[in-house]
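The chain contents come next:
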Amino acid sequence: MTERYVLAIDQGTTSSRAILFDHSGVPRASAQKEHEQSFPKAGWVEHDPLEIWERTVEVVGSACAELGVGPSEIAAVGITNQRETTVVWDRETGEPVYPAIVWQDTRTDRIVTELEEDGGPDRFRASTGLPLSTYFAGPKIRWILDNVSGARERAEAGALAFGTIDSWLLWRLTDGEVHATDVTNASRTLLMDLESLAWDEEICGEIGVPVEMLPQIRSSSEVYAEVAELPGLECVRGVPIAGILGDQQAATFGQACFAPGTAKNTYGTGNFMLLNTGEEAVASEHGLLTTVCYRLGDAPAVYALEGSIAVTGSLVQWLRDNLKVIETASEVEERAREVEDNGGAYIVPAFSGLFAPHWRSDARGVVVGLTRFVNRGHLARAVLEATAYQTREVLEAMDADSEVPLKELRVDGGMVVNELLMQFQADILDVDVVRPEVIETTALGAAYAAGLAVGFWESTEELEANWSEDRRWSPQMDSKDRDRMWRQWNKAVTRTLDWVDDDVR
Ligand code: ADP
């Protein structure tokens, strides 16, 4: 028998990837392409949905070509995606009516403030598990309908479709046949009820989103459709598309966090920690989100508590692209090693306000503790440390909500190659940090969801056996130093608050 694979499409914030995984969960071929990030105004972040589609087709073709495989060797296709990023397109022509509004974009802060006036920031939390924030898709859809001429009427008439990136890709992959999303992506819109797993029509009405434009909500692991006959996608023609998970839920799945109480933290553009809470949707009292972790076919949904941090790896990009202190992202570690410590400098990157556990859209970034002594090495260190402190804020909230302190943290994502950061993370958390053998956990999770639906893998137990540890960092820092730095960080955070005034929005 020839060897068979599952193809994962990982459409992330900065790039699209396609990875072919074998039965042991080992990546055997992959391709990656970046897409353009556009920042038309302060606080605005956009992508071109058509460019995303083109890059996706290209990377799928390249990954298949690398192994020389076609439809008979590919058991299923799984999709994972940057979440919350919002696309609205014309059902007839397939043309987006506006660029994709990316999850980091804060243009909806007025809409959010207006919605908060009646019922406060937790107005929709009981149904959706989420606070009102510019982060989620609902307000972004409303903005497009308010600002693109004629869009609201066309949406109400059923001529326009909304989708997060998973729906957009599924619709394209099926040549316009299937307009659907999975429960994990739907749980990030502020429009889905967590218990019924259906659109909450009352909330849709209050936010101003016509239900006619919403995709059908499906599970994370089932056959949605087969890939249509499309140019550039000959290698997957007719292959079942059988798994969809938002990127963070996919990473949780790929890290084999199937048991309640297991957690992972992904260090990418932002950081996202998810704790599996089993079949119970736990309401957070400490600034976390309640979200769907995954749903396999007809089985009950599994929920998670999530701590989302908007800016971690993107602060490294900022140091590189905006300040030009480094030339490549990995150089941040060399620079940081030039000095003993942060020299008293702290950077709180509240570029999109502060997400978990603060949820303050009025916050903006600060660099504090500057003296004549501080040099680029200290700044590089402060950049890396910011990721670790923000992670501690979220971990403390998680411990408080779940009442069971985490014993170790499973990590993945682009930043976990940074040894200095990983050691500092263990030091500042005072828990072990563990990196798995396969760090492409996002793509792996999507592959797992798709493979389970078609019987390529039998059970989650089988997937658990594929997980193995690569490296472990244990705390070494003196507790006095830990406490002092933590105190300073918290003080720095207070300096970001209440910065945005109405007339500078
Ligand atoms: P995403 O999936 O969100 O696009 P990735 O998981 O690919 O992100 O991670 C990319 C992020 O990791 C970038 O923001 C980049 O700045 C950061 N990064 C990459 N290499 C390093 C490194 N050696 N040290 C610190 N940060 C890094």
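Scoring rules and cut-offs
- Counting starts from 1 at the beginning of each chain's written sequence and moves along it residue by residue.
- In keeping with the predicted nature of the model, local features appear solely for residues at pLDDT of at least 70, side-chain atom pairs appear and are counted solely at 80 or more, and the whole-chain, interface and lining totals rest on all residues.
- For the side-chain quantities, the full set of heavy atoms in the structure was used; hydrogens and water were omitted.
- A pair of strands is considered paired only if DSSP assigns at least 2 bridges between the two.
- Think of it this way: any DSSP run of H or I at least four residues long counts as a helix, any run of E at least two long counts as a strand, and we number them from the N terminus.
- To obtain each axis, a line is fitted to C-alpha atoms, and for helices this fit is confined to the stretch in contact; angles are then taken between N-to-C directions over 0 to 180 degrees.
- We define proximity as follows: a residue is near a molecule or strand when any one of its heavy atoms falls within 4 Å of that partner.
- N or O atoms closer than or at 3.5 Å make up a polar contact, with two conditions inside protein: a donor-capable atom paired with an acceptor-capable one, and, for residues adjacent in sequence, both atoms drawn from side chains.
- To count as a disulfide, a pair of cysteine sulfur atoms needs to be within 2.5 Å.
- Each residue is assigned to one of three classes by its accessible area relative to the maximum for its type, calculated with a 1.4 Å probe on protein chains only: buried under 20%, partly exposed between the two thresholds, exposed over 50%.

1. Some remarks on the sheet that holds strand β2 (residues 15-21)
Strand pairs in the sheet, formed through backbone hydrogen bonds, run parallel or antiparallel to each other.
Then step 1. Here six strands make up an open sheet; going across it, the order is β3-β2-β1-β5-β12-β11 and the pairing mixed. Edge positions in the sheet fall to β3 (27-34) and β11 (221-226), since each of these pairs with one other strand and no more. On average, each strand axis in the sheet is tilted by 25 degrees relative to the strand beside it, whichever way the strands run.
Then step 2. As paired elements, strand β1 (residues 5-11) and strand β5 (residues 74-81) share seven bridges and run parallel to each other. Within the sheet, the bridge partner assigned to D10 lies in β5 and is T80.

2. A few points about the site of the ligand
Then step 1. The environment of the ligand is formed by 16 residues, the closest being T14, T269, G313, Q317 and G414.
Then step 2. One of the side-chain nitrogen or oxygen atoms of T269 is found 2.6 Å away from an oxygen atom of the ligand.
Then step 3. In the environment of the ligand, a nitrogen atom lies 2.9 Å from a nitrogen or oxygen atom belonging to the side chain of N418.
Then step 4. If you tally residues by element for the shell around the ligand, the top one is helix α10 (residues 313-321), at four residues.

3. A word on the state of the cysteines
Then step 1. Under the defined criterion, the tally for this structure stands at one disulfide.
Then step 2. Between the sulfur of C64 and that of C235 lies a disulfide, 2.5 Å long from S to S. Taking the sign of the torsion about the S-S bond as the criterion, the disulfide between C64 and C235, at about 60 degrees, is right-handed. One end of the pair, C64, is in helix α1 (residues 49-67); the other, C235, is in the loop between β11 and β12 (240-246), with 171 residues separating them in the sequence.
Then step 3. Given a relative accessible area of 1%, C64 falls into the buried group.
Then step 4. Not part of a disulfide, C257 finds its nearest cysteine sulfur in C293, a span of 7.7 Å.
Then step 5. Owing to a relative accessible area of 0%, C293 belongs among the buried residues under this scheme.

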